[in-house]
Amino acid sequence: MPKIKFYNRPEVPMEMHKVKIVQKLTLLPAKERLSKMKEAGFNTFMLHNGDIFMDMLTDSGVNAMSDNMQSAMLRADDAYAGSETFYRMRDKLEEIFGIKYLLPTHQGRACEHIIAQHFVKPGNCIIMNYHFTTSKAHVTRLGAHVEELIRDEGLIAKSSLPFKGNIDIDKVKACIEKEGADNIAYIRIEAGTNLIGGQPISYENMKEATELAKANGILTILDASLLQDNLYFIKTREESMKDKSIAEITRMIADLFDIIYFSGRKFGFGRGGGILVRDENLFHEMEDYITMFEGFLTYGGMSVKEMEAMIVGFDETMDLDIISQGPQFIDHCVRELDACGVPMITPGGGLGAHMNAREIVSHIPSEQYPAGSLVAALYLCGGIRGMERGTLSEERNPDGTEHIASVEMVRLAFPRRVFTLSQTEYVIDRVKWLYDHRHLIGGLRFVREPKTLRFFTGMLEPVSDWPEKLVEAYIADFGEDQ
Ligand SMILES: Cc1ncc(COP(=O)(O)O)c(C=O)c1O
C-alpha cells in the first residue's frame, strides 16, 4: 500500500474511499443532552441514537458497507433451506481460512453460546488471553471459570509494546499443571483483545500457545471477531511477517486452530456470525444447536442479504488499504490526546481509542464507576457516545461485592469507514476540554441493577449534582447551542 505523503505538514490518516451515502447528524444543546442522559439512567447504552452526535459506542454492526457489498445484496438467494447464498459464504470462508465446515449464527455471542453449550461442563476451566463480556458470561453461566492469562505488561496502560494482547506461556503451563489438561475445556485466543484496548496478539504468540495446547490435547479456539485490526498489526509490527500478504497471514493463523468463530458485525462489515469447525464429526455434533437456537443450517438467523454483503466484506478484509483505515485513525486520535497529557491506553490498538479512566478521574472510587462516570460526562460535553469498559462491565463477586476491573477505560470506537478526520478532530477537542475540567466529574450509583451483563440495561444516578455543574461550565465556554 503506498502511504499518502504530505507536502510541508505532518501526516494525517487518509480515507481510502469516498462517501456515497450519508446520514444527517444533529447536535443537541448541552441542557437537552443532560435531560436525555437522565432519562437514559446515565447509561450510554440506553440513549436514543437520534440524540447522539458522534456514536462511538461500538464497531458492532455499524461499519460502513462498500458499494460492492450493497450491490451483492441484490443477488441474495431467499430460501429457508439450501440457499445458494449460504454455499457462497461457506466457500468464501473456506478459501480464506482453509476450514470446510461452517455453522451459521446470528451474531458473535450466539457462537459463544453454542461453543460453551457443547464443550463446557461445571467445574471446567477455560483459558483465555483475556475475556470478553459475553464469552465469559456463557462460561460462568454453566458453572465453569475463566483463567485470563494475559502477560502482565498487557495491563500497563501506557506502553510502547506492540503486542499487549499476548498470552503468558508460562502462566498457561502453570494453569495446565494446576487444573489438569482434562479439566480445561478449551483455550480461547481473542485477536485482538476488546477489553484491554483492542490490543493485538502476535502470530508467534498464537503459535506458541496453540502448540502447547495441542501437546496437552486441549482444543484451540480463535475468536476472530476483531481479527481484521489484528491482521494489520501483525503485518506492520511483527518483523517476521512484514513480507507476507494479509491473506497469507490469515491462513497461517487459521492453521493453528481447531475452531474459529467470528462476529460478522465486525469481521466482514455486516451483521451475522459463524463457527468454522475443522473436524467433520465435531461439526455434525454441533449442528443441532444451530437448528435449535439460531435457524436452519443454511442461514442460522442471518438475513441472506447480509450474508451476501459479508461475502464481499470478507474479501475486503484481505485488502490492506481497507483494514489499515481504522487503526490509522485510532492511532491519530490516541497520539494527539497523549501529546496533550490525556491518559490514554497506548499504543493505539484496533477497534477504538481508549481513555484511561482510572487516571483521568482518579478522584472517583472504583465502586462509583470511574469509567461509567467519564463516559456519561463525555456525552454531556459534546454529544459523543462512548462505552464504559471497566468495573461497571464486570459482574459482582458471589458475595455481592464489586469485582474491580483490572483496567478502567472509556472506549471511543471507530466504526470502520464511518467517521471523517474533522469529526475525529472534534472528538479530540472535546476530550481535551473534558480532561481540563475532570475535577467536575463525580461518581454514579445503581438505581436498578440487572444480575447479568448489568452494563447493558442498568439504570444509574449521579452521587451529587455534578452533571449540572459540568454542563454549566461547558455552556460558559461553548455557548447554549453547543
Ligand atoms: C472479541 C469479541 N468477541 C465476541 C463479541 C460478540 O459479538 P456480537 O456482538 O456479535 O455478539 C464481540 C463483540 O463486541 C467481540 O468484540
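Model, not experiment: these values are computed from the prediction.

(A) Representation of the overall build of the chain within the structure. The secondary structure content of the chain amounts to 18 helices and 14 strands. Against the compact-globule benchmark of 23 Å for 482 residues, the chain has a radius of gyration of 22 Å, which places it among compact chains. Here the chain holds 482 residues, and 50% of them are scored as buried.

(B) Just unusual backbone geometry, in detail. Across the junction of Ala191 and Gly192, the peptide omega takes the value -10 degrees, indicating a cis bond. With respect to the element layout, Gly192 can be found in the loop between β5 (184-190) and α7 (203-215). Of note, the bond from Thr346 into Pro347 is cis; its omega dihedral lies within 30 degrees of zero at -5 degrees. Positive phi, close to 70 degrees, is recorded for Leu351, a residue that is not glycine. Position of Leu351 relative to the elements: it lies in the loop between α13 (325-339) and β9 (352-356). For Leu351, a count of 30 C-beta atoms within 10 Å corresponds to the buried category.

(C) Region of the structure containing the domain arrangement of the chain. When cut into domains, the chain gives domain 1 (30-59 + 322-478) and domain 2 (67-319). A straight line from the C-alpha centre of domain 1 to that of domain 2 covers 27 Å. Listed as interface residues are 24 residues of domain 1 and, on the opposing side, 28 residues of domain 2. If you list the elements that add at least two residues to the side of domain 1 that touches domain 2, you get α12 (320-323), α13 and β9.

(D) Broad picture of the site of the ligand. Taken together, 15 residues form the shell around the ligand, and within it Gln107, Gly108, Arg109, Ser225 and Ser263 come nearest. Going through the elements one at a time, α4 (108-119) and α5 (133-141) are the ones with two or more residues in the shell around the ligand. Among the residues forming the shell around the ligand, the class breakdown is 2 nonpolar, 9 polar and 4 charged.

(E) Looking closely at the sheet that holds strand β8 (residues 273-277). Pairing is mixed across the open sheet formed by 7 strands, whose spatial order is β2-β8-β7-β6-β5-β3-β4. Because the sheet does not close on itself, it has two edges, and the strands there are β2 (101-105) and β4 (145-148). Going from strand to strand, the sheet's axes swing by 20 degrees on average, the running direction of each strand aside.

(F) Inspection of the sheet that holds strand β12 (residues 409-413) at higher detail. Read across the sheet, 3 strands follow the order β9-β12-β11 without closing on themselves; strand pairing throughout is antiparallel. On the outer flanks of this sheet lie β9 and β11 (387-389), each paired with one strand and no other. Mean inter-strand twist for the sheet, computed between neighbouring axes without regard to direction, equals 30 degrees. Note: β9 against β12, 5 bridges, orientation antiparallel. Residue His354 lies in a different strand from β12, and its bridge partner there is Arg411.

(G) Main features of α4. Over its 12 residues, α4 runs 17 Å from end to end, which matches the ideal 16 Å to within 8%, given 1.5 Å per residue. Where α4 is concerned, the buried positions are Gly108, Arg109, Ala110, Cys111, Glu112, Ile114, Ile115 and Ala116.

(H) Representation of the nonpolar core. Ranked by internal contacts, the top residues of the largest apolar core, which has 137 residues, are Ile260, Leu374 and Leu380. Broken down by element, this core gets its largest block of residues, 8 residues, from helix α15 (residues 370-380). Here this core spans two domains, since at least three of its residues come from each of domain 1 (30-59 + 322-478) and domain 2 (67-319).

(I) Spotlight on the pairing of β5. In terms of residue burial, β5 counts as a mostly covered element, since 7 of its 7 residues are buried. Summarising the sheet, strand β3 (residues 125-128) and β5 pair through 4 bridges and their orientation is parallel. Its bridge partner lying in β5, Met128 is registered against Arg188. The sheet contact formed by β5 and strand β6 (residues 220-223) spans 4 bridges and is parallel. The residue bridging Ile189 from the neighbouring strand is Leu222, located in β6. Crossover connection from β5 via α7 to parallel β6: handedness right-handed.

Conventions adopted
- Residues numbered from 1 in each chain as written.
- Predicted model: local features only at pLDDT ≥ 70, side-chain atom pairs only at ≥ 80, totals over all residues.
- Helix = DSSP H or I, 4+ residues; strand = E, 2+ residues; numbered from the N terminus.
- Rg over C-alpha atoms; globule rule 2.2 N^0.38 Å.
- Buried ≥ 20, exposed ≤ 12 C-beta atoms within 10 Å, placed from the backbone.
- Domains from an automatic or database assignment.
- Contact = placed C-beta atoms within 7 Å.
- Near = placed C-beta within 6 Å.
- Nonpolar A, V, L, I, M, F, W, Y, C, P; charged D, E, K, R; others polar.
- Pairing = 2+ DSSP bridges.
- Axes fitted to C-alpha atoms, helices over the stretch in contact; angles between N-to-C directions.
- Expected span 1.5 Å × (residues − 1).
- Core = buried A, V, L, I, M, F, W, Y, C linked by C-beta atoms within 7 Å.
- Right-handed = clockwise from strand over helix to strand, strands pointing away.

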